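Below, each chain spelled out in residue letters.
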Amino acid sequence: MRRYPDDVLVHFVSFFNADSDIARTQEAAKVLRQAYPFIEDIAAPYTLAEYEYYRHGNIGRAIEIFEELIARKQGNVNLRLGLLRMLLNTGRLDEAAAQIRESLKISPANENLQMFAAESAFLNKDMNAWFTHMGKLLTLTQHSDSFNSSFYYQLYRAFIAAGKEADAVKQLAMARKLGPEWDWQSAAETKSSMGNIKLKD
C-alpha cells in the first residue's frame, strides 16, 4: 500500500483482503482492469471512499470522493445512496436532505432511496414527510397481505400518536381490509377493552 499510494485499485483489492502482499494486489488489479474497464471510473473510487470511511475514519475525504463521483455521474442513484448512508450515519442531516431532494428527482420509485428519505425525515422530526415516504415505500415493495396489514396498522398508530385522526382512520381501514385475521382494534376500542378488565385485589 505504501509503495503504490496513488493506485486506487490497490485500495480496491486491499479493502477486501487487507493482508494480501503488494505483488498479489498488483496482479489482482491488473486482472480487474482487463475484466472491468469501468472499474477505474466508478468502482475503484467508490471503494476507496468506503475504505477511507470504514478503515481510516476519514469521513471528510470519503464524502469528497462521493461528491466528485456524483458530479461526473449525476444520474447514478447508487452513488448518491452511498453518500446518503455516510451523511445520515454522521449526522449531516441538512446535507442528506438536500441530496435526497435531488435524488428523488432522478429516481422517485427507488425503494432504498425512499427508506433513506423516511429515515432523514424521522431524524429531522418531520413526521409529515416520514408518513409520506413510508406510504410510498409500501406501494413500491412486494409483500404478503398479512405483512402489509401489519405495516398499515403501525402507520395507524403513528398517525394517532401524531394527532392525525383523519389520516389514521384511512390506515386502519387498509389494515383491516388486508388482514382481517388480525382483528386490529382502534385506539378507542383498545381503551374500552382495557377499561373492562377487572383486576383482582
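To keep things clear, this report deals only with the structure shown in the data block. What you see is a predicted model, and the numbers here were worked out from it, not measured in a lab.

1. A short note on the overall build of the protein
So, point 1. Helix and strand counts for the protein come out as 11 helices and 0 strands.
So, point 2. Along the chain direction, N to C, the helices and strands of the protein fall in the order α-α-α-α-α-α-α-α-α-α-α.
So, point 3. Counting across all 201 residues of the protein, residues that qualify as buried make up 39%.
So, point 4. Put simply, of all contacts in the protein between residues at least 6 apart along the chain, 48% involve residues at least 24 apart.
So, point 5. Accessible surface for the protein amounts to roughly 12300 Å². Of this, 53% is attributable to carbon and sulfur atoms.

2. Considering the packing of aromatic side chains
So, point 1. All told, the structure shown has 5 aromatic pairs when counted by the stated rule.
So, point 2. Centre to centre, the rings of F131 and F159 are 3.8 Å apart; their planes meet at 20 degrees, and the pair counts as stacked. Within this pair, whereas F131 is found in helix α8 (residues 127-140), its partner F159 is found in helix α9 (residues 145-161), the two being separated by 28 residues in sequence.
So, point 3. Owing to a relative accessible area of 7%, F131 belongs among the buried residues under this scheme.
So, point 4. Owing to a relative accessible area of 8%, F159 belongs among the buried residues under this scheme.

3. Examining the pattern of salt bridges
So, point 1. Scanning the entire structure with this criterion turns up 4 salt bridges.
So, point 2. The partner of R61 in a salt bridge is E64, with the nearest N and O atoms 3.3 Å apart. Within this pair, R61 and its partner E64 are both found in helix α4 (residues 59-72), separated by 3 residues, close to a single helical turn.
So, point 3. Take R61: its relative accessible area is 30%, and that puts it in the partly exposed class.
So, point 4. A relative accessible area of 41% means that E64 is categorised as partly exposed.
So, point 5. Measuring nitrogen to oxygen at the nearest pair gives 3.2 Å for the salt bridge that ties E102 to K105. Linking E102 with K105, this pair stays in helix α6 (residues 93-106), spanning 3 residues, or about one helical turn.
So, point 6. Look at E102 and you get partly exposed, because its relative accessible area is 41%.
So, point 7. Within this structure, R61, E64 and E68 form a network of salt bridges that share partners.

4. Observations regarding the side chain of Q114
So, point 1. One can find Q114 in helix α7 (residues 111-123).
So, point 2. At a separation of 2.9 Å, a polar atom in the side chain of Q114 contacts the side chain of H133.

5. Remarks on α4
An α-helical segment advances 3.6 residues per turn. Residues three or four places apart therefore align on the same side.
So, point 1. Over its 14 residues, α4 runs 20 Å from end to end, which matches the ideal 20 Å to within 8%, given 1.5 Å per residue.
So, point 2. Taken residue by residue, α4 has A62, I63, I65, F66, L69 and I70 as its buried positions. All buried residues of α4 lie within an arc of 155 degrees about the axis, which places them on one face of the element.

6. Structural notes on unusual backbone geometry
So, point 1. Phi angles above zero are rare outside glycine, and K125 is one such case at about 60 degrees.
So, point 2. Look at K125 and you get exposed, because its relative accessible area is 71%.
So, point 3. Even without being a glycine, D183 presents a positive backbone phi close to 55 degrees.

Calculation notes
Residues numbered from 1 in each chain as written. Predicted model: local features only at pLDDT ≥ 70, side-chain atom pairs only at ≥ 80, totals over all residues. Heavy atoms only, no water. Helix = DSSP H or I, 4+ residues; strand = E, 2+ residues; numbered from the N terminus. Buried < 20%, exposed > 50% of the residue type's maximum accessible area, 1.4 Å probe, protein only. Contact = heavy atoms within 4.5 Å. Areas by Shrake-Rupley, 256 points an atom, 1.4 Å probe, with all protein chains shown as cover. Phe/Tyr/Trp six-rings, centres within 6.5 Å; stacked < 30°, edge-to-face > 60°. Salt bridge = Lys/Arg side-chain N within 4 Å of Asp/Glu carboxyl O. Polar contact = N/O pair within 3.5 Å; in protein donor to acceptor, adjacent residues only side chain to side chain. Expected span 1.5 Å × (residues − 1). Arc of directions from axis to C-beta.

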